[in-house]
2 protein chains.
Amino acid sequence: MHDTLNQIEPVSVARLESAQAHLDSLTKPPGSLGRLEELGRRYAAIKGIRSPKVGKKAVFVFAADHGVTEEGVSAYPREVTRQMALNFLDGGAAINVLARHAGAEVVVVDMGIDHDFGNCPGLLDRKIAMGTRNMAKGPAMTREQAERALRTGIDLAREWAGRGYDILGTGDMGIGNTAASSAIMTVFGGQDARRTAGRGTGVNDETFQRKISAIEQAIQVNRPNPQDPVDVLAKVGGFEIAGIAGFILGAAASKTPAVIDGLISSAGAVIALKLKETARDYIFTSHRSTEPGQEVFFQLLGHPPLFDFGMRLGEGSGAALAIPILEAGVKIYSEMATFQSAGVSQKNPPA
Amino acid sequence: MHDTLNQIEPVSVARLESAQAHLDSLTKPPGSLGRLEELGRRYAAIKGIRSPKVGKKAVFVFAADHGVTEEGVSAYPREVTRQMALNFLDGGAAINVLARHAGAEVVVVDMGIDHDFGNCPGLLDRKIAMGTRNMAKGPAMTREQAERALRTGIDLAREWAGRGYDILGTGDMGIGNTAASSAIMTVFGGQDARRTAGRGTGVNDETFQRKISAIEQAIQVNRPNPQDPVDVLAKVGGFEIAGIAGFILGAAASKTPAVIDGLISSAGAVIALKLKETARDYIFTSHRSTEPGQEVFFQLLGHPPLFDFGMRLGEGSGAALAIPILEAGVKIYSEMATFQSAGVSQKNPPA
């Protein structure tokens, strides 16, 4: 992992400036495409080529189960993690529809689903264990498991970047994983679980109270150390969150943009940023979900979300919606005419 | 025109409810895709079919010149309207890039550019006049011209809907047209021009003051009657704004979703809504631009924008970005598996 962290370099300021100069030569008032220009500029600077293109894209859905479901923190039964993983492989879930629409592949990674799939075509078996342990009673995983899950994510991103994927999106599946993610956000945000926990898949008041209590108890019992991101991940995280954190680091080390989905992916991104701050240059936000804990990520990153559709599904659904927008920014950068080539007059000189 | 207005019917509430019931049977927590569900639901209800699809799409760029440029209200010279129209036909402008990305055609309509294009392949010649007159000194156009421009827009939308286009986006080009649009917004918003005017293509303080004065003067000189939308359009509008207003009405009468771009399209939409309130059911918002006057449209429509990228280009650029998002909502509606078909457990029953 340390090799990977050392390979993550900030994006060159000179490249960003030269990319902006190019954008300002295009037939539009300077800056008039707002955040679309920011996306194109950063993508161009990351790739370091004059006319960047977007080729292959993939959204990785990291899936795992959570021991904390014992506490009754979710509206759905635990077996839904397994059932939805199969739904992803069958192509019937929201992420399949949205990724197809974006021209992106969906890669489903079993990081720790509580089920023996046997030989299951299409499913990447990277299982660390049959789900985490109940964080409300002790550490969710061992430190060694957390490190192994991080390396798994790193290796996957490196492998796909090596195969020429230009954009990697993150996604998740795991009943109980908003509880784990909110616990991570509570630890790093220095806040109360009441402010970082949300209603996940849509729990009622009673379940919501149990969820907050479980998060509070997990932090009290385990005392995760915010100065040690792997400690936090091991004690109150999840295998899919660790996979996502590693995946972001692997993408950054491979100079490949990583598009981050909602709360769970944002919790993974917070771990990644705490491990290596400069990973931020490769991170592209997608949506603001309805989960309040996600704000800790935006604050740490220093970048706002791209849009807010009031979504709370996970799976990478927000990332899949953001990929075509990033791609639009890249095409603006590479395909528009310049004032000179199109024979269009520039701004009036000041009187 | 009155036939068209009479044909605009509200979308059936029963159809909206049945569309929502279908969305709730899909493998996701109910409501978890937020505004994407709203888009799919309304599209399905408009089309009235079980598995709606999105076929052909087009963004119409209505272009015209403005007499108010005499007052020195823009950062760009008047000939940029003509130059950009040619850039659209050459495929080098932002709208070409973004429409191509969305799989939509770009249709450029000359509603009143101050130039004789002769035989110009690709340009739809619907010229009303060589630009409007200076609204700061008198009516921008005659009432007859305003009505003719409205009918032109209606006919274009009807024609394209008849050819099987499923989504029609609006766009504009016209140096000086943010001044006209802000004047319309000022009249209908009952506000001060200082609150509804923005910096358009990016004018400096001095030009901005001239722009505000020109809007104030136009309203003072012409006394447009907010109870009579055609009067407002004629006195302080523009030919492209009238074309857009008619286009939206024609789309609504043809039961075809109209995706609205930024300030200028929003001014056209306000005229359309003032002529026929039920047109709102066929109107889909795209972005919030940096122009403050656009808020009058969102208030009147009762729907917020879909996203805010800090854009201020026009041309239909925001509409082109929104079309793939609307399409994503439709695909969610038509392509996802149901809980039953995928064998996924539903929510835990309340304890």
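Read on for an overview of the structure. (Residues numbered from 1 in each chain as written. Chains lettered and ligands numbered in written order. Predicted model: local features only at pLDDT ≥ 70, side-chain atom pairs only at ≥ 80, totals over all residues. Heavy atoms only, no water.)

1. A look at the overall build of chain A
So the rule is basically this: The way it works is that DSSP assigns letters per residue, a run of H or I at least four long becomes a helix, a run of E at least two long becomes a strand, and they are numbered from the N terminus. For this measure, only C-alpha atoms enter the radius of gyration; the expected value for a globule follows 2.2 Å times N^0.38, where N is the number of residues. Classification of residues uses two cut-offs on accessible area relative to the type maximum, computed with a 1.4 Å probe and protein chains only: under 20% is buried, over 50% is exposed, and between them is partly exposed. Any pair of residues with heavy atoms lying within 4.5 Å of one another is described as a contacting pair. Only four residue types enter the charge count, namely Lys and Arg as positive and Asp and Glu as negative; His and the chain termini do not. A charged residue contributes its charge at one atom only: NZ of Lys, CZ of Arg, CG of Asp or CD of Glu.
A count of helices and strands for chain A gives 15 helices and 6 strands. Taking 351 residues into account, the globule formula puts the C-alpha radius of gyration at 20 Å, and chain A, at 20 Å, falls close to it. The C-alpha extent of chain A, read off along each of the three principal axes, is 70 × 45 × 40 Å. A buried classification covers 63% of the 351 residues belonging to chain A. Expressed as a percentage of contacts within chain A between residues at least 6 apart in sequence, the contacts between residues at least 24 apart total 76%. Charge separation in chain A, taken as the distance between the mean sites of 37 positive and 38 negative side-chain charges, equals 4 Å.

2. As for the relation of the copies chain A and chain B
Here is the rule we go by: Least-squares superposition of the copies uses the C-alpha atoms of those residues scoring a pLDDT of at least 70 in each of them.
It takes a turn of 180 degrees to lay chain A on chain B, together with a shift of 0.0 Å along the axis; the resulting RMSD is 0.0 Å. Expressed as an axis order, the relation between the two copies is that of a two-fold axis. If distances are taken from each C-alpha of chain A to the rotation axis, the shortest is found for Phe 307 of chain A, at 2.7 Å. When the interface residues of chain A are mapped onto chain B, 100% of them again lie at the interface, so the same face is used by both copies.

3. Some details on the sheet that holds strand β4 (residues 165-173) of chain B
All names here are of chain B. Threshold: The pairing criterion is simple: DSSP has to find at least two bridges between the two strands. A fitted line through C-alpha atoms serves as each axis, taken over the contacting stretch for helices, and the angle formed by two N-to-C directions is quoted from 0 to 180°.
Judged by pairing direction, the sheet is parallel, and its 6 strands sit side by side in the order β3-β2-β1-β4-β5-β6 without closing on themselves. The open sheet terminates on both sides in strands that have one partner only, identified here as β3 (123-125) and β6 (283-285). Here the strands of the sheet are splayed against their neighbours by 30 degrees on average, with no regard to which way each runs. As judged from the 7 bridges shared by strand β1 (residues 56-64) and strand β2 (residues 105-112), these two strands associate in the parallel manner. The residue bridging Ala 58 from the neighbouring strand is Glu 105, located in β2.

4. Remarks on the pattern of salt bridges
Convention followed: Should a side-chain nitrogen of Lys or Arg be within 4 Å of a carboxyl oxygen of Asp or Glu, the pair is scored as a salt bridge.
Throughout the structure, instances matching the rule amount to 36 salt bridges over all chains. The shortest N-O distance in the salt bridge between Arg 199 of chain A and Asp 205 of chain A comes to 2.8 Å. You can call Asp 205 of chain A exposed: its relative accessible area is 53%. The partner of Arg 163 of chain B in a salt bridge is Glu 159 of chain B, with the nearest N and O atoms 2.7 Å apart. Owing to a relative accessible area of 43%, Arg 163 of chain B belongs among the partly exposed residues under this scheme. One network of salt bridges, in which partners are shared, links Arg 143, Glu 147 and Asp 228 of chain A.

5. Thoughts on the side chain of Glu 315 of chain A
How we decide: N or O atoms closer than or at 3.5 Å make up a polar contact, with two conditions inside protein: a donor-capable atom paired with an acceptor-capable one, and, for residues adjacent in sequence, both atoms drawn from side chains.
The topology assignment puts Glu 315 of chain A in the loop between α13 (295-301) and α14 (317-335). Despite being buried, Glu 315 of chain A has no salt bridge partner; Lys 28 of chain B is the closest side chain of opposite charge, sitting 9.8 Å away. A polar atom in the side chain of Glu 315 of chain A sits 3.1 Å from the backbone nitrogen of Ile 95 of chain A. The residues contacting Glu 315 of chain A, other than those within four sequence positions of it, are Val 59, Val 61, Met 84, Phe 88, Ala 93, Ala 94, Ile 95, Gly 171, Asp 172 and Asp 261 of chain A together with Thr 27 of chain B.

6. Here we look at the interface of chain A and chain B
To keep it simple, the criterion reads: When two parts are put together, the accessible area they lose, computed with a 1.4 Å probe and summed over both, is reported as buried area. Each residue gets one of three labels, nonpolar for Ala, Val, Leu, Ile, Met, Phe, Trp, Tyr, Cys and Pro, charged for Asp, Glu, Lys and Arg, and polar for the others, Gly among them.
Counting residues at the interface gives 56 residues for chain A, matched by 56 residues for chain B. Together, the buried faces of chain A and chain B total about 4500 Å²; carbon and sulfur atoms form 61% of this surface. The three residues of chain A that bury the most area against chain B are Tyr 76, His 101 and Phe 309 of chain A, which together make up 15% of that side's buried surface. At the boundary of chain A and chain B, one finds 2 salt bridges. The salt bridge partner of Arg 100 of chain B is Glu 335 of chain A, with a shortest N-O separation of 2.9 Å. Run the count over chain A and chain B and you get 20 residue pairs in polar contact (both at pLDDT 80 or more). Secondary-structure elements contributing two or more residues to the side of chain A that touches chain B are α3 (34-47), α4 (80-90), α5 (94-102), α14 and α15 (339-342) of chain A. Ranked by the residues each element gives to the side of chain A that touches chain B, the list is headed by α14 of chain A, at 9 residues. Here the side of chain A that touches chain B is composed, by residue class, of 28 nonpolar, 17 polar and 11 charged.

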